[in-house]
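# Architecture at a glance
If you want the building blocks of each chain, they are given just below.
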Protein chains: 2
Amino acid sequence: MNQKGFFTLYERERKKVEKILVKAFKDRKPDSLYKPVNYIVSSGGKRLRPLLVLLSAKAVGGNFRDVYNASVAVELLHNFTLVHDDIMDNADKRRGLLTLHKKYDDSTAILAGDSLLAVAYEYLLKDCDGKTKEVIAAFTKGLIEVCEGQSLDKDFETRNNVSKDEYKLMIMKKTAAMSEMCCTIGALLGGGSTKEIKAVSLFGKNIGIAFQIQDDLLDISGNEKEFGKKVGGDLIEGKKTFLFIEALSKAKGNDKKRLVNVMKNNGIRPGQVNIYKNIYERLGVIDDAKTEIKLYTNRALRSLKSLKEDGDRKIFSWLADSLIKRIK
Amino acid sequence: MNQKGFFTLYERERKKVEKILVKAFKDRKPDSLYKPVNYIVSSGGKRLRPLLVLLSAKAVGGNFRDVYNASVAVELLHNFTLVHDDIMDNADKRRGLLTLHKKYDDSTAILAGDSLLAVAYEYLLKDCDGKTKEVIAAFTKGLIEVCEGQSLDKDFETRNNVSKDEYKLMIMKKTAAMSEMCCTIGALLGGGSTKEIKAVSLFGKNIGIAFQIQDDLLDISGNEKEFGKKVGGDLIEGKKTFLFIEALSKAKGNDKKRLVNVMKNNGIRPGQVNIYKNIYERLGVIDDAKTEIKLYTNRALRSLKSLKEDGDRKIFSWLADSLIKRIK
């Protein structure tokens, strides 16, 4: 298989996951609960977490067909976090559509999120035979860390002294714990050895960190048309991203003042984005982010060295490569 | 053991559960997440659901010590529903204290609720050995039903034609599914036979229905001092309780008009509570509620006939009896 083959596989598997996802809520009542749930579940998304489960199972000698329900489970968990986070962030749009709490109301969104999580466990159980305890434990650990990560992220909003280490702990919990968990579950259900499970999980953790820093980078360096969102949105909202924290620690004089102002004013005006992009470039934090992304991606790939098959390593390399080269 | 012995046992076990509950969040970080979680967990409560788990395990020949973590899990699940429901209902007080979202804010409460649920699964897993799949499945089924029940309950707020059957479906899901689940899990972990598990689960389900109708009844017939809440609160909030729905279906003429007005105005003034209490008495719905409570309590106790030990049946009878005779 080549890179094109990898994309064909991704598209094929994404559609299969999509089908199970939509079917998951088809016959449930009441509509007042499951129509909103369906709204978010059918709104698309990259479905990267299911892909991690599938590839991890395969990489340790398992089959895709044994982990489709688990794949759906991690996507449901992901959607649960999106729905609840969007309420907390008071976000208006998600995947180009109104967020769930804007389309309906906060109560409906809270409850829809809760249901997504509940049904996630239901689907996870379908694929669990023989490994239920380990799989549920890994999933639950991921869930607990996601909550802790979101809480740290919320804390950062009102703090002006967030260090790079604190930022990394936050994305470790909010993003990387989830991709790690996807890989752990895939490898567990794929029948991997302890060593293989550890290798694949480490891949998931490190690729998750790279993914999040890439996300922070795209916000400022993305092409607006391809990116699909306003460039500089994180600055406008005053979010403490990797680039912002790095810039703040490096800046002096006028640049420092301007960065402190972002925190004072809880963000900047859209017209100011370019000023800050220039500061970022001047301070070299765009390159710093790229270096960091490469570091964690390499770490991720290195952890796979113990896998038997070259082909499996290759498929993870393509995945890592696609994530780094992604434009949105 | 006599009735007094039963209360001693309840108090003793409640304190043990309390201890584990409080310890569950002692060493977790960040504080921004776990201080609010601790606030609700340490705010007391009857801890009836843990008691159901404990007694169910014992009733099928198991030991209390094998199900303490599971008991804590169901209490955490219960607290999760309280925290999220209180946001949806915009409730101010809970157990005599400010509700979590009033003490902090909605975002904190959403996330605290999510964490309570996550840690509930963590604790459930601790007691699961050998039965993980069945136990997690029962717990998850209960969780899904609780969400559906809450959604139905919210629907009822804006509907003027809720039937008694719809009301029963709602409390079956919102209240009885949870007590059923507690008993199922206790009996599963206690090592009960299929027949025993079914018997104890049926007890849990029916006692849950009785409990909820009793709750509706207490709201209007309780002694304000002993009840600890404003008598008639459900009427003031315009809630569609068993008594209200029953009254609406029986009333004619002026009484009917007055009941319809409750819905039109989304509640009544505190000064009107006695007028409605009189209507309820005139229509006999207070007696209807009592009959219904007795019906479901008897059903609950009848389902226990297949249990081997007379002593176990007795302890459930005391529990049922205490629930019916409770004043708050």
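None of these values were measured; they are calculated from a predicted model.

### Regarding the overall build of chain A
Helices and strands together make up the secondary structure of chain A, namely 16 helices and 2 strands. Per-residue burial over chain A gives 50% buried out of 328 residues.

### Let's talk about the interface of chain A and chain B
Contacts between chain A and chain B engage 32 residues on the former and 32 residues on the latter. For the side of chain A that touches chain B, the elements supplying multiple residues, two or more each, are helix 2 (31–41), helix 4 (68–89), helix 6 (106–126) and helix 7 (132–157) of chain A. Per element, the largest residue contribution to the side of chain A that touches chain B is 14 residues, and it comes from helix 7 of chain A.

### What about the relation of the copies chain A and chain B?
With an RMSD of 0.0 Å, the fit of chain A onto chain B corresponds to turning through 180° and sliding 0.0 Å along the axis. The transformation just described matches what one would write down for a two-fold rotation axis. The C-alpha atom lying nearest the rotation axis in chain A is that of A:Thr132; the distance is 3.1 Å. An overlap of 100% is found between the interface residues of chain A and their copies at the interface of chain B, pointing to a shared contact surface.

### Observations regarding the nonpolar core
In terms of nonpolar packing, the biggest core is built from 205 residues, with A:Ala120, A:Leu124, A:Ile185, B:Ala120, B:Leu124 and B:Ile185 touching the most fellow members. The dominant element in this core, judged by the number of residues it contributes, is helix 8 (residues 164–189) of chain A, at 14 residues. Sequence-distant contacts of A:Ala120, that is, excluding residues within four places in its chain, are made with A:Ala73, A:Leu76, A:Leu77 and A:Phe80.

### Here's the deal with the confidence of the model for chain A
For chain A, per-residue confidence averages 94 on the pLDDT scale, and residues scoring 70 or more make up 97% of the total. Reported confidences for the modelled complex are a pTM of 0.96 and an ipTM of 0.96.

### Structural notes on the packing of helix 7 of chain A against helix 7 (residues 132–158) of chain B
Orientation of helix 7 of chain A relative to helix 7 of chain B, taken along the N-to-C sense of each, is 40°, at an axis distance of 9 Å. Between helix 7 of chain A and helix 7 of chain B, the angle is such that the two are oblique. When you trace helix 7 of chain A past helix 7 of chain B, the crossing you get is left-handed. On helix 7 of chain B, the residues that touch A:Thr132, A:Lys133 and A:Ile136 of helix 7 of chain A are B:Thr132, B:Lys133 and B:Ile136. Each residue belonging to the contact of helix 7 of chain A with helix 7 of chain B can be placed in one class, and the counts come to 2 nonpolar, 2 polar and 2 charged.

### Observations regarding helix 14 (residues 273–283) of chain A
The α-helix advances 3.6 residues per turn, and as a result positions three or four apart in sequence lie on the same side. Residue and element names in this part refer to chain A. Buried within helix 14 we find Tyr 276, Tyr 280 and Leu 283. Projection of helix 14 onto a plane perpendicular to its axis shows the buried side chains occupying an angular sector of 75°, all on one side. Away from its buried face by more than 90 degrees, helix 14 exposes Asn 274 and Asn 278. On the buried face of helix 14, the contacting elements are helix 9 (194–221), helix 11 (233–236), helix 12 (242–250), helix 13 (253–264) and helix 15 (285–302).

### Thoughts on the packing of helix 7 of chain A against helix 6 (residues 106–126) of chain B
Closest axis-to-axis distance for the helix 7 of chain A/helix 6 of chain B pair is 9 Å, and the angle between their directions is 160°. Taken together, the axes of helix 7 of chain A and helix 6 of chain B are roughly antiparallel relative to one another. Once helix 7 of chain A is placed against helix 6 of chain B, the crossing between them reads as left-handed. Here A:Lys133, A:Ile136, A:Ala137, A:Thr140, A:Leu143, A:Ile144, A:Cys147, A:Gln150, A:Ser151 and A:Lys154 of helix 7 of chain A lie close against helix 6 of chain B, whose contacting residues are B:Ser107, B:Leu111, B:Asp114, B:Ser115, B:Ala118, B:Val119, B:Tyr121, B:Glu122 and B:Leu125. In the contact of helix 7 of chain A with helix 6 of chain B, the residues fall into 10 nonpolar, 5 polar and 4 charged.

### Considering the environment of B:Ser306
All names here are of chain B. Relative to the helices and strands, Ser 306 is located in the loop between helix 15 (285–302) and helix 16 (310–325). Of the residues examined, Ser 306 has 14 C-beta atoms within 10 Å and is grouped as partly exposed. For the pair Ser 306 and Glu 148, spaced 158 residues apart in sequence, the C-alpha separation works out to 31 Å. Not counting residues up to four positions away in its chain, the partners in contact with Ser 306 are Lys 195, Glu 196 and Ala 199.

### Quick word on the environment of A:Ile207
Residue and element names in this part refer to chain A. Mapped onto the elements of the fold, Ile 207 is located in helix 9. For Ile 207, a count of 29 C-beta atoms within 10 Å gives the class buried. Once residues lying within four places of it in the same chain are set aside, the contact partners of Ile 207 are Ser 179, Thr 297, Ala 300, Ala 320 and Leu 323.

Reading the values: the criteria
Residues numbered from 1 in each chain as written. Chains lettered and ligands numbered in written order. Predicted model: local features only at pLDDT ≥ 70, side-chain atom pairs only at ≥ 80, totals over all residues. Helix = DSSP H or I, 4+ residues; strand = E, 2+ residues; numbered from the N terminus. Buried ≥ 20, exposed ≤ 12 C-beta atoms within 10 Å, placed from the backbone. Contact = placed C-beta atoms within 7 Å. Least-squares fit on C-alpha atoms with pLDDT ≥ 70 in both. Core = buried A, V, L, I, M, F, W, Y, C linked by C-beta atoms within 7 Å. pLDDT = per-residue confidence, 0-100. Axes fitted to C-alpha atoms, helices over the stretch in contact; angles between N-to-C directions. Parallel < 35°, antiparallel > 145°, perpendicular 65-115°, else oblique. Left-handed = near helix turned anticlockwise from the far one by under 90°. Nonpolar A, V, L, I, M, F, W, Y, C, P; charged D, E, K, R; others polar. Arc of directions from axis to C-beta.

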